[in-house]
Amino acid sequence: MGFKEEILKRRTFGIVSHPDAGKTTLTEKLLLFGGAIHIAGAVKSNKIKKTATSDFMEIERQRGISVATSVMGFEYKDVKINILDTPGHQDFAEDTFRVLTACDSVIIVIDSAKGVESQTRKLMQVCRMRKTPVIVFINKLDRPGQDPFDLLDEIEKELQIQVTPLSWPIGNGDVFKGIYNIHKENLCLYSASVQTIQDGIEINDIDSDELDSHIGERSASKLREDLELVREVYPAADREAYLQGQLAPVFFGSALNNFGIREMLDCFIEIAPTPLPRETEERIVSPEEEKFTGFVFKIHANMDPNHRDRIAFVKVCSGTFKRNTNYLHVGLGKNLKFSTPTAFMASKKSIIDEAYPGDIVGLHDTGNFKIGDTLTEGEKLHFKGIPSFSPELFKYIENADPMKSKQLAKGIDQLMDEGVAQLFVNQFNNRKIIGTVGALQFEVIEYRLLHEYSAACRWEPINLYKACWIEALDDKELEDFKLHKAQYLAKDKWGRDVFLAESQYMLQMAQSNYKKLIFHFTSEF
Ligand SMILES: Nc1nc2c(ncn2[C@@H]2O[C@H](COP(=O)(O)OP(=O)(O)OP(=O)(O)O)[C@@H](O)[C@H]2O)c(=O)[nH]1
């Protein structure tokens, strides 16, 4: 197979959801279609349950598992599909945002009873920023849920995207009868007891009695009414609009019962984008370019505390990645070669000789990589689009063991490279502030510093509302701001100016007093 065909064959996407909506279950069922796994239950959830907050062994164990489940590849109808799994727990949402930067499209799972939840909203915000094509899977139709029209309304309103249903549910909960596949114009009947996947029944004319004979008169007339309304209210499927991130096809089903998934998967391989061009600070890189480029979007620490090595996940953006070949690590300005690059097929890892655009390669790393690093065949490129978000929680980190200050500094450095949390250094007093999305991260950092770096840390409270990246439209105003707010200024890991706002009021005051400064909640603007 030629290089071009290899690219056209690939679809790399992420599955995201609010915890418990059914992401892991859906992933597992998708893998079953690919024949990548043969039994249900083979994919472990990498969820960290709330009850495990202080159970560090559990966290460690989970971290180990999610190395294998972070990336899963499988083939379906001659298409090579790479699924990127994302942590469900919101304390690790930052990790999810970064994984999204390596996806060419996204499937969002929504619980039909709960509708759009907080995490979904946040994740969609990232997709919108990046104009990522999105497919929505409304799950758990076997349980009582909301009216489908209400759900679609909520999705449009809350996620700010137009939708077009491509399948339609017939009832839900105890009276769930199946779905009508609008895309293919056929009927799939649901049976809680029969889990094998049935072929859809072709219904050429939904006004025919045939429909009644399958689902009963009442459901048939309700379905006809619903479909008429669907046609009137929602735009027709439009691949271009989907690819632009403006229109989300919606499917209904039950992941647990493997129902409604094939319909989505068949549509997915038809419409989902092949590997997309990527923006770098210097130029746009097209996947068809001959020379290899890629970037690190995730770093995973290994389980074994005696070996400090980690796995850096690299998304291949262009050209062919080859084993044992020298590549330029642009950040370090140094050539590196990799003798054991790994690919992830379902839950097993294997060493590969080559990888193509769209693929994810795992590289053993002894501390060379940080998130966002670029590898090329010599060109100095910097891939854009790895955002940091203003954390929700902040604490000063202090050294609790003066004999180990070097270890602590190194540990903090490496954990930040991994993207476990964000470090801000206050420019006024030089104190280090760690910002996280959730409380669990502080515990993880403390635990890992101790066990992986033999360093002890202590947390001290700091009263902060937000850390905002400053964009100055006027240098004078920035200077003036820095002079007056010296105590509240910090640098992030990249040396960018950050304003530490103690309260919403303080931020609003800054915004109204300094009109030519823009305060951003994400580092990418
Ligand atoms: N009734 C029903 N339950 C489902 C369905 N899909 C998933 N579940 C259940 O919902 C719960 C959560 O499913 P998971 O797949 O673990 O959810 P998740 O989104 O991966 O959760 P996180 O890993 O926390 O993000 C599990 O108990 C599943 O068995 C479904 O279609 N119907």
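Relevant structure appears above.
Because the structure is a prediction, the values reported are computed rather than measured.

Now for the environment of leucine 123. On the secondary structure map, leucine 123 appears in helix H5 (residues 118-130). C-alpha separation for the pair leucine 123 and lysine 77, spaced 46 residues apart in sequence, amounts to 29 Å. With sequence-adjacent residues up to four places away left out, leucine 123 is seen in contact with Val16, Ser17, Thr96, Phe97 and Leu100.

Right, let's talk about the packing of helix H11 (residues 405-418) against helix H12 (residues 439-453) for a bit. Where H11 meets H12, the axes come as close as 10 Å, and the angle between the chain directions of the two elements is 120°. Judged by the inter-axis angle, H11 sits oblique to H12. Remark: the crossing between H11 and H12 carries right-handed chirality. Taken together, the residues of H12 that come into contact with H11 (itself represented by Gln407, Leu408, Lys410, Gly411, Ile412, Gln414, Leu415, Met416 and Glu418) are Ile445, Arg448, Leu449 and Tyr453. Of the residues that constitute the contact of H11 with H12, the class distribution is 7 nonpolar, 3 polar and 3 charged.

Our focus in this paragraph is the nonpolar core. Formed by 61 residues in total, the largest nonpolar core has its most connected members in Ile138, Leu152 and Ile155. Among the elements that take part in this core, helix H6 (residues 148-159) stands out by supplying 5 residues, more than any other. Leaving out residues up to four positions away in the same chain, isoleucine 138 has contacts with Ile110, Ser112, Leu151, Leu152, Ile155, Val250, Phe251, Phe252 and Gly253. With 29 residues, the next largest nonpolar core counts Phe13, Val79, Ala255 and Ala272 among its residues.

This next bit is on the sheet that holds strand S9 (residues 186-189). Spatial strand order, S7-S8-S9-S10: 4 strands in an open sheet with antiparallel pairing. The open sheet is flanked by strand S7 (167-170) and strand S10 (201-202), the only strands paired with a single partner. Two elements, S9 and S10, share 2 bridges in a ladder whose sense is antiparallel. Within S10, the position partnered with leucine 187 by the bridge is isoleucine 201. On the sheet, helix H8 (residues 217-233) packs against S7 and strand S8 (178-181) and is oriented at approximately 150° with respect to S7.

For the rest of this paragraph, the subject is the sheet that holds strand S30 (residues 497-501). As summarised here, the arrangement of the 8 strands in space is S27-S24-S26-S25-S29-S30-S28-S31, forming an open sheet in which the pairing is antiparallel. Each edge of the sheet is formed by a strand with only one pairing partner; in this case those strands are strand S27 (457-461) and strand S31 (517-520). Neighbour-to-neighbour, the strand axes of the sheet open up by a mean angle of 40°, direction not taken into account. Where strand S25 (residues 422-426) meets strand S29 (residues 489-491), 2 bridges bridge the pair, whose relative direction is antiparallel. Following the sheet pairing, valine 425 is matched in S29 by lysine 491. Most of the contacts of helix H13 (residues 475-484) go to S31, to which it runs at about 65°, and overall it touches strand S28 (466-472), S29, S30 and S31. In the packing of helix H14 (residues 504-513) onto the sheet, the strands contacted are S28, S30 and S31, and the crossing angle to S30 comes to about 130°.

Criteria and cut-off values
Residues numbered from 1 in each chain as written. Predicted model: local features only at pLDDT ≥ 70, side-chain atom pairs only at ≥ 80, totals over all residues. Heavy atoms only, no water. Helix = DSSP H or I, 4+ residues; strand = E, 2+ residues; numbered from the N terminus. Contact = heavy atoms within 4.5 Å. Axes fitted to C-alpha atoms, helices over the stretch in contact; angles between N-to-C directions. Parallel < 35°, antiparallel > 145°, perpendicular 65-115°, else oblique. Left-handed = near helix turned anticlockwise from the far one by under 90°. Nonpolar A, V, L, I, M, F, W, Y, C, P; charged D, E, K, R; others polar. Core = buried A, V, L, I, M, F, W, Y, C linked by side-chain atoms within 4.5 Å. Buried < 20%, exposed > 50% of the residue type's maximum accessible area, 1.4 Å probe, protein only. Pairing = 2+ DSSP bridges.

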